[in-house]
Amino acid sequence: MKASKMLIATLKEAPNEAIIASHILLIRAGMIRKLVAGVYNYLPLGLRTLRKIENIIREEMDQAGSLEILSSAIQPKELWEESGRWQKYGPELMRFKDRHDREFCLGPTHEEIFTNLVRNEIKSRKNLPINLYQIQTKYRDELRPRFGLMRGREFIMKDAYSFDLTYDGLDASYDLMYKTYQRIFDRLHLNYQVVLADTGAIGGSGSHQFMALSDVGESDIIYCDQCGYAADVEKATALLEKPSTTDNLKPIQEVYTPNQKSIEEVSAFLKVDKKQIVKSLVYKNLTNNQFVMVLIRGDREVNEIKLINHLQIAEHELALASYEDILNLNSVEGFVGPVNLAITILVDEEVTTMTNFVTGSNHQDYHLLNVNFKRDFDGEVLDLRKAAVNDLCPCCGKPLKIERGIEIGQIFKLGTKYSEPLKCTYQDENGQTKPMIMGCYGIGVTRTMSSIIEQNHDENGIIWPINVAPYHVVIVPINYDDPAIKEGSDYLYDKLCAEHLEVILDDRDAKAGFKFKDWELIGIPFIITVGRRASEKICEFKVRKTLEKTELSFDEAINEVKNQVLKAK
Ligand code: ATP
Ligand code: MG
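Here we come to the pairing of strand E8 (residues 154–164). Every other side chain in a regular strand lies on the same face of the sheet, so the side chains alternate between the two faces. Taken across its 11 residues, E8 has 10 buried, putting it largely inside the fold. By the bridge criterion, eight bridges tie E8 to strand E24 (residues 437–444) in an arrangement that is antiparallel. Bridged to Asp159 within E24 is Gly442.

Pairing between the strands of a sheet is mediated by backbone hydrogen bonds and can be parallel or antiparallel. Sheet architecture is open: three strands sit in the order E13-E19-E18, paired in antiparallel fashion. Among the strands making up the open sheet, the edge pair consists of strand E13 (253–256) and strand E18 (357–360). Strand-to-strand twist of the sheet, defined as the mean angle between neighbouring strand axes without regard to direction, takes the value 35°. Note that E13 and strand E19 (residues 366–371) share four bridges and pair antiparallel.

Before going further, it helps to examine the coordination of the magnesium ion (ligand 2). Coordination sphere of the magnesium ion (ligand 2), protein contribution only: Glu407 (OE) and Gln410 (OE1), at 1.9 to 2.2 Å. Classification of Glu407 by relative accessible area gives partly exposed; the value is 24%.

A word on the site of ligand 1. What surrounds ligand 1 is a group of 15 residues, the closest being Arg140, Glu142, Arg151, Gly152 and Glu407. In the environment of ligand 1, an oxygen atom lies 3.2 Å from a nitrogen or oxygen atom belonging to the side chain of Gln410. In the complex, the protein chains occlude 85% of the 590 Å² of accessible area that ligand 1 would expose alone. Counting residues per element, the ones that place at least two in the shell around ligand 1 are E8 and strand E21 (401–415). Looking at which element gives the most residues to the shell around ligand 1, the answer is E21, with four residues.

To continue, consider the pattern of salt bridges. As enumerated under the stated definition, the model contains 46 salt bridges in all. Lys274 serves as the salt-bridge partner of Glu264, at 3.4 Å between the closest nitrogen and oxygen. On the criterion of sequence distance, the pair formed by Glu264 in helix H7 (residues 263–270) and Lys274 in the loop between H7 and strand E14 (278–285) is long-range, its members being 10 residues apart. Among the residues examined, Glu264 registers a relative accessible area of 48% and is labelled partly exposed.

Attention shifts here to the domain arrangement of the protein chain. The domain architecture assigned to the protein chain consists of domain 1 (42–236 + 402–454), domain 2 (253–382) and domain 3 (471–568). Taking the mean C-alpha position of each, domain 2 and domain 3 sit 66 Å from one another.

What follows is about the sheet that holds strand E31 (residues 549–553). Read from one edge to the other, the open sheet built from five strands follows the order E28-E27-E29-E30-E31, with strand pairing classed as mixed. Every other strand in the sheet has two partners, leaving strand E28 (503–505) and E31 as the edge strands with one partner each. Put simply, the sheet's adjacent strands are angled 25° from each other on average, direction ignored. Of the strand pairs in this sheet, strand E27 (residues 473–477) and strand E29 (residues 526–530) are connected by five bridges, and their pairing is parallel. Bridge pairing in E29 places Ile475 opposite Ile528. The strands touched by helix H12 (residues 512–522) are E27, E28, E29 and strand E30 (538–543); relative to E27, the strand with the most contacts, the crossing angle is about 175°.

This paragraph deals with the side chain of Ser22. Positionally, Ser22 belongs in helix H1 (residues 21–28). In this view, Ser22 contacts Met150, Ser450, Ile453 and Glu454; residues no more than four positions away in its chain are not counted.

Attention shifts here to the packing of H1 against helix H10 (residues 445–455). Where H1 contacts H10, the axes come no closer than 8 Å and their chain directions differ by 105°. Our classification of the angle between H1 and H10 gives roughly perpendicular. The residues of H10 that touch H1, namely those facing Ala21, Ser22, Leu25 and Leu26, are Met449, Ser450, Ile453 and Glu454. Considered class by class, the residues forming the contact of H1 with H10 number five nonpolar, two polar and one charged.

Reading the values: rules and limits
Residues numbered from 1 in each chain as written. Chains lettered and ligands numbered in written order. Predicted model: local features only at pLDDT ≥ 70, side-chain atom pairs only at ≥ 80, totals over all residues. Heavy atoms only, no water. Buried < 20%, exposed > 50% of the residue type's maximum accessible area, 1.4 Å probe, protein only. Helix = DSSP H or I, 4+ residues; strand = E, 2+ residues; numbered from the N terminus. Pairing = 2+ DSSP bridges. Axes fitted to C-alpha atoms, helices over the stretch in contact; angles between N-to-C directions. Donors = N, O, S within 2.8 Å, 3.2 Å for Na, K, Ca; no water. Near = heavy atom within 4 Å. Polar contact = N/O pair within 3.5 Å; in protein donor to acceptor, adjacent residues only side chain to side chain. Areas by Shrake-Rupley, 256 points an atom, 1.4 Å probe, with all protein chains shown as cover. Salt bridge = Lys/Arg side-chain N within 4 Å of Asp/Glu carboxyl O. Domains from an automatic or database assignment. Contact = heavy atoms within 4.5 Å. Parallel < 35°, antiparallel > 145°, perpendicular 65-115°, else oblique. Nonpolar A, V, L, I, M, F, W, Y, C, P; charged D, E, K, R; others polar.

Have a look at this one:
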């Protein structure tokens, strides 16, 4: 490709809203352009890389025996009513009506569609197991679309769905997808970790996430470097530390704490450790307008995912109680506590190991000292806290660590969550009707593209791994008007094209320095400069990743590109 015929839309600066490297560089390298919040157009260079990532995913899915289909983004309400998700899914679901007032959504995920397809097309158990996938556009009206392709309202996902006769079959299908995902992310040169995950709105019994390790990730990974335990913070658990000694229970006492509302304030005012205070949080279940109080040690955070799982509601159906709600419950914001309050109480298990702790008194400007579980209040005990660094590993008891990751993929054992309500069934050998056992498997393709950049860039721009770079190599003539340089550049171009390599010849009328800046920003893996030694058939060969330069003969340079590209397949 001649650079003069390309759409090279590089920019010196990215808009202010771009704050992470991948967002800034995708815009500056002219790979994407924003249309509206969370919605992007892909320009030619960006699309080439996107297609290469898709193709690696496609090759590995095909290799695993999964069959590619392509379904519509438009999904009818009726299917979502069959699964019960039309109500459950909440404001992320983009809903619309057609001219006949029929209701639809733009698919955020495709469980209903694939389950419907299989129930209609698969008539015999002889056709099972089957695994179907697609690479397709998804829509989620995210509350805060941000970070470019990381969290879009429109994005590309590879989603796959497996249908088995038995749970053992599901385990095998799941295991195969797990390994396939490892192959895909290995081929994409990502530094990632597989972690245990919560099943969220998709549902089901078991799940793993694939996390690209990165400080800009929005997920916290709790892990143990001793035994290998790793879980998303939403899912992570920790051993309960039992106190070595237990104090005698002291009589409860009300103390004046004027205007001291937060844990920090109360801790400083009463000169007690935060670990000696119990935080009382009141939540409202929006499905039935009931309130629940969650008790948790003062230095801890509530894991709201564990709470919504316990309440069996969706994330958007939970809210913190308002100031007025708390007054109506006969308490006061900032002074809420579990003693003598008529409310359902959920107690994080750690609180049961504490004695003589501080809580709110439910009276303005007062707290209680020496409160004790069972003696002064009761409640249901469960694990409701967020696991934190230095908590003890639930598998081996060693201190846990934490790091940040970008969720690039997630796999789920769905079981019969969709096959049962949608009646996606088969007849077993006794003629009995049984629901198929399902799994589902997603990769955020566009988010993966951003993650590759997060892990592969420097101050000059993107450093694409060779197998996903938009082109393999660029030839930069120092002066294309010079006959020897032109002849040398054309020779290299023709030879590299003949080897089926993806080559750019930068024939633009511009300074060499300007051209180098562009190609380093865009991240072309090899940059060949043809200059003063052109007549000797010698060029300068630069590797984008290391910025290392060597003088090579034309034919050596061609061979080097060829070998590196072959190795990088
Ligand atoms: P998140 O927790 O980040 O919102 P999710 O768990 O809701 O993601 P899944 O339903 O598991 O997402 O979707 C499968 C994959 O699609 C995710 O692992 C992620 O890589 C990608 N993905 C999800 N939401 C977005 C989005 N808004 N923009 C880009 N990619 C996304
Ligand atoms: Mg997920």
